[in-house]
Amino acid sequence: MLSLERLGVRYGGHVALCEVSLDVARGEVVALVGPNGSGKSTLMRAVAGLARHDGRIGFAGGARVGFMPQDFGSRAALSVLEVVLLGRLRTLALRVDRDDVDAAALLLGRLGIAELAHRLIGELSGGQRQLVFLAQVLAGVPAVLLLDEPTSALDLRNQLELLGLVRRLTREKGLATIVSLHDLNTAARFADRVAVLCAGRLHATGEPRAVFTAAMLRAVYGVEADVGADSNGVPVVTVQRACTGPQTDPTAP
């Protein structure tokens, strides 16, 4: 569904991404992880067509891309229902078909925020706005779904419910989904594969149990950590302390 071949992005003299190659299949959730400044948001923006890039980005069948950035903007004058309808219709008119209203209301219900439909978006908490903007992106019926830190303003329960819903929708609708996350344990629980970025390069990609190792955490994050597993075999990362002394360059060949 989605194929990145030697993707590169520069901002002036700064190399933000360098020759990143990654495939995402239909029905697959890939978690994009890495330290601050590693290039996660840049990769998302390039795939969404918002950043000039080198290399190739391929979409099977001209797939429609839905992108939820970290900062979506408040659109304070619109109601929640109008925000979601805007994602579905691309523009708002005085008359909206009942089918479109019903589809928007269904999305709000699936995200557990149906009661907010007639509230102004500017009146909501940060977490509530994240859920509304996810509904807006999903209302556009994307085939490729890009979510940049979608749980950053959510409490623990809403994080679990949102990522569980994203995984179910990815399976049901055959989406190719990339989610950037800082919490490695959350990534391990909800992603089919993880892709680790470091200093703009792809350090590793694969199933969480293969990628999340003490050696990777030391090289990429500069921390000493224990990596165990829960009762289902899902990796559990426990950080012990920051590394001391010089570290191996994780981008070195």
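Reference entry: report on the structure contained in this document. Keep in mind it's a predicted model, so treat the numbers as computed, not measured.

1. Remarks on the overall build of the protein chain
Broken down by element type, the protein chain carries 8 helices and 11 strands. The C-alpha radius of gyration computed for the protein chain amounts to 19 Å, which stays within 12% of the reference 18 Å derived for 253 residues, consistent with globular compactness. The dimensions of the protein chain, computed from C-alpha atoms along their principal axes, are 65 × 40 × 30 Å. Residues classed as buried in the protein chain amount to 47% of the 253 residues present. Sequence-distant contacts in the protein chain: of pairs separated by 6 or more residues, those separated by 24 or more amount to 63%. Accessible surface, the protein chain: about 12400 Å² in total, of which carbon and sulfur atoms supply 49%. Put simply, the protein chain has 27 plus and 25 minus side-chain charges, and the middle of one group is 3 Å from the middle of the other.

2. Quick word on the packing of helix α2 (residues 80-89) against helix α3 (residues 98-110)
In the contact formed by α2 and α3, the axes pass within 9 Å of each other and the chain directions differ by 115 degrees. One element, α2, and the other, α3, form an angle in the roughly perpendicular class. The two elements α2 and α3 cross, and the hand of that crossing is right-handed. Here Val80, Leu81, Val84, Leu85, Arg88 and Leu89 of α2 come into contact with α3, specifically with Asp99, Asp100, Val101, Ala103, Ala104, Ala105, Leu107 and Leu108. When the residues that make up the contact of α2 with α3 are grouped by side-chain class, the tally is 11 nonpolar, no polar and 3 charged.

3. Points about the pattern of salt bridges
Taken as a whole, this structure holds 11 salt bridges when the rule is applied. Across the pair Arg88 and Asp100 runs a salt bridge, and its minimum N-O distance is 2.7 Å. Within this pair, whereas Arg88 is found in helix α2, its partner Asp100 is found in helix α3, the two being separated by 12 residues in sequence. Arg88 sits in the partly exposed class, given a relative accessible area of 31%. Accessibility expressed as a relative area gives 13% for Asp100, which makes it buried. Between Arg171 and Asp192 there is a salt bridge, and its shortest N-O distance comes to 2.9 Å.

4. Some thoughts on the nonpolar core
In terms of nonpolar packing, the biggest core is built from 55 residues, with Val84, Leu108, Val132, Leu134 and Phe212 touching the most fellow members. Looking at this core, the element that brings in the most residues is helix α4 (residues 126-139), giving 8 residues. Those residues in contact with Leu108 that lie beyond four places of it in its chain are Val80, Leu81, Val84, Ile113, Ala114, Ala117 and Ala135.

5. As for the sheet that holds strand β1 (residues 2-11)
The antiparallel open sheet is built from 3 strands, whose spatial order is β2-β1-β4. Edge strands, defined here as strands with exactly one partner in the open sheet, are β2 (14-24) and β4 (54-59). With strand direction ignored, the average angle separating the axes of adjacent strands in the sheet is 20 degrees. In this structure, β1 lies alongside β2, joined through 7 bridges in antiparallel fashion. Pairing of Leu7 across the sheet is with Val20, part of β2. Running over the sheet, helix α1 (residues 40-47) touches β1, β2 and β4 and is turned about 115 degrees from β1.

Calculation rules
Residues numbered from 1 in each chain as written. Predicted model: local features only at pLDDT ≥ 70, side-chain atom pairs only at ≥ 80, totals over all residues. Heavy atoms only, no water. Helix = DSSP H or I, 4+ residues; strand = E, 2+ residues; numbered from the N terminus. Rg over C-alpha atoms; globule rule 2.2 N^0.38 Å. Buried < 20%, exposed > 50% of the residue type's maximum accessible area, 1.4 Å probe, protein only. Contact = heavy atoms within 4.5 Å. Areas by Shrake-Rupley, 256 points an atom, 1.4 Å probe, with all protein chains shown as cover. Lys, Arg positive; Asp, Glu negative; His and termini not counted. Charge placed at Lys NZ, Arg CZ, Asp CG, Glu CD. Axes fitted to C-alpha atoms, helices over the stretch in contact; angles between N-to-C directions. Parallel < 35°, antiparallel > 145°, perpendicular 65-115°, else oblique. Left-handed = near helix turned anticlockwise from the far one by under 90°. Nonpolar A, V, L, I, M, F, W, Y, C, P; charged D, E, K, R; others polar. Salt bridge = Lys/Arg side-chain N within 4 Å of Asp/Glu carboxyl O. Core = buried A, V, L, I, M, F, W, Y, C linked by side-chain atoms within 4.5 Å. Pairing = 2+ DSSP bridges.

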